[in-house]
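# What the coordinates show
Each chain, letter by letter, is given below.
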Amino acid sequence: MTRWTAADIPDQTGRTYVITGANSGIGLEAAKALCASGAHVIFACRNVEKADAARAAIDGRHESMALDLSDLDSVRSFVGALGARPVDVLINNAGIMAVPHGLSAQGYELQFATNVLGHFLLTGLLLPQITDRVVTLSSLTHRAGRLALDDINAERRTYRSWPTYAQSKLADLSFAFELQRRLTAAGSPVRSMAAHPGYAATNLQNHARPMERMVMGIANRFPMVAQPAHLGALPTLYAATLPDLPGGSYVGPNGPGEMRGYPRLVGSSAAARDTSAGAQLWALCEALTGSSFPVAA
């Protein structure tokens with residue numbers, strides 16, 4: 001097996017990264033590796049105090065900025081505070097997983113609002129100043145996802161936390177592919193990538209119900225099941241830094257079942273590549289965020 005690691009990251013001096021949810025887990029490990037490679041990393045986090053605490057142990061150039069992806073007004077405030085600063089790479093990393101039913105500040109189902117709508121709006125508003133690429137985090141669970149675009153708030157069906165999470169991760173991957181199709185059509189040099197960490201032991205699991213947290217906590221103790229967060233971050237880093245990686249690439253671990261291992265290009269479900277569904281998802285996200293962004297060259 002090819003073993004691409006953080007040591008293979010090209011020099012990132014002079015490059016700026018925005019990483020959502022960089023205060024813990026995959027996002028924090030990615031931020032550490034990028035700072036060590038010379039990048040300036042903006043920790044875009046809901047809790048700035050936690051972001052500052054995480055940054056205190058990291059050498060290099062970095063800063064914290066407030067961003068609550070579940071609140072579209074917070075997304076707009078973040079972009080306003082960032083100003084016209086160029087961003088080389090946006091990493092759409094943050095997310096919540098299998099939480100009890102809840103609604104966002106704008107009244108949308110919380111997992112879809114946080115994992116999908118917040119990142120959609122953030123990407124759209126930042127796109128004019130992104131110089132290289134966008135990396136969006138999906139999950140192995142996207143294969144179990146079904147896009148219920150006519151009932152995002154689960155008002156006409158029973159809410160189930162795991163299928164709803166899988167839907168959000170399918171939507172993230174569909175968005176990444178649709179964004180690349182639009183960038184290509186516009187002749188833009190910006191690239192859209194996607195990545196998934198396999199099964200990584202992170203605090204994302206803390207959002208699940210108590211029994212589910214207990215089961216995942218037991219699984220996390222077995223190295224043949226769960227890999228540590230710094231290995232789970234490698235697909236993200238590969239997608240974000242490999243110079244000649246083509247747009248539309250999807251990166252995951254190279255081990256059995258893509259559960260663990262070193263990064264390589266991986267396949268996706270047919271639903272994630274469905275061009276009609278991607279266009280419908282895009283239109284829905286524009287409607288729900290109240291923001292339409294044409295992709296320009």
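Below or above, wherever it landed, is the structure these notes cover. Worth saying up front: this structure is predicted, and the values here are computed from it rather than measured.

Scoring rules and cut-offs
Residues numbered from 1 in each chain as written. Predicted model: local features only at pLDDT ≥ 70, side-chain atom pairs only at ≥ 80, totals over all residues. Heavy atoms only, no water. Helix = DSSP H or I, 4+ residues; strand = E, 2+ residues; numbered from the N terminus. Rg over C-alpha atoms; globule rule 2.2 N^0.38 Å. Buried < 20%, exposed > 50% of the residue type's maximum accessible area, 1.4 Å probe, protein only. Contact = heavy atoms within 4.5 Å. Areas by Shrake-Rupley, 256 points an atom, 1.4 Å probe, with all protein chains shown as cover. Lys, Arg positive; Asp, Glu negative; His and termini not counted. Charge placed at Lys NZ, Arg CZ, Asp CG, Glu CD. Expected span 1.5 Å × (residues − 1). Core = buried A, V, L, I, M, F, W, Y, C linked by side-chain atoms within 4.5 Å. Pairing = 2+ DSSP bridges. Axes fitted to C-alpha atoms, helices over the stretch in contact; angles between N-to-C directions.

## Observations concerning the overall build of the protein
Within the protein, the regular secondary structure consists of 9 helices and 10 strands. In terms of overall dimensions, the protein is globule-like: its C-alpha atoms have a radius of gyration of 18 Å, near the 19 Å expected for 297 residues. Across the 297 residues in the protein, those meeting the buried criterion constitute 59%. Restricting the contact set of the protein to residue pairs at least 6 apart, pairs at least 24 apart contribute 73%. Within the structure as shown, the protein displays about 12100 Å² of accessible surface, and the carbon and sulfur contribution to it stands at 56%. Counting 25 positive and 23 negative side-chain charges, the protein places the averaged centre of each group 6 Å from the other.

## Looking at helix α5 (residues 161–186)
Its 26 residues give α5 an end-to-end C-alpha distance of 37 Å, which sits within 8% of 38 Å, the value for a rise of 1.5 Å per residue. Looking one or two residues past α5, glycine 187 carries a phi angle of roughly 70°, positive in sign.

## Observations concerning the nonpolar core
Counting residues in each nonpolar core, the largest one holds 40 residues, and the members touching the most others are Phe78, Phe112, Leu122, Leu126, Leu127, Ile130 and Leu179. The greatest single-element share of this core, amounting to 8 residues, is contributed by helix α4 (residues 110–126). For leucine 122, the residues in contact, after removing those within four places along its chain, are Thr20, Leu67, Leu69, Val75, Phe78, Val79, Leu90 and Asn92. Core analysis: the next-biggest nonpolar cluster, separate from the first, contains 37 residues, Ala30, Leu34, Met193 and Val251 among them.

## Regarding the sheet that holds strand β4 (residues 87–92)
Strand order in the open sheet made by the 8 strands is β3-β2-β1-β4-β5-β6-β9-β10, with mixed pairing throughout. Of all strands in the sheet, those bounded by a partner on one side alone are β3 (61–66) and β10 (263–265). Neighbour-to-neighbour, the strand axes of this sheet turn through a mean angle of 25°, independent of strand direction. Sheet analysis places strand β1 (residues 16–20) next to β4, joined by 3 bridges and oriented parallel. Note on β4: the bridge partner recorded for tyrosine 17 is valine 89. Sheet contacts for helix α3 (residues 72–82): β1, β2 (40–45), β3 and β4; angle to β3, the most-contacted strand, approximately 140°.

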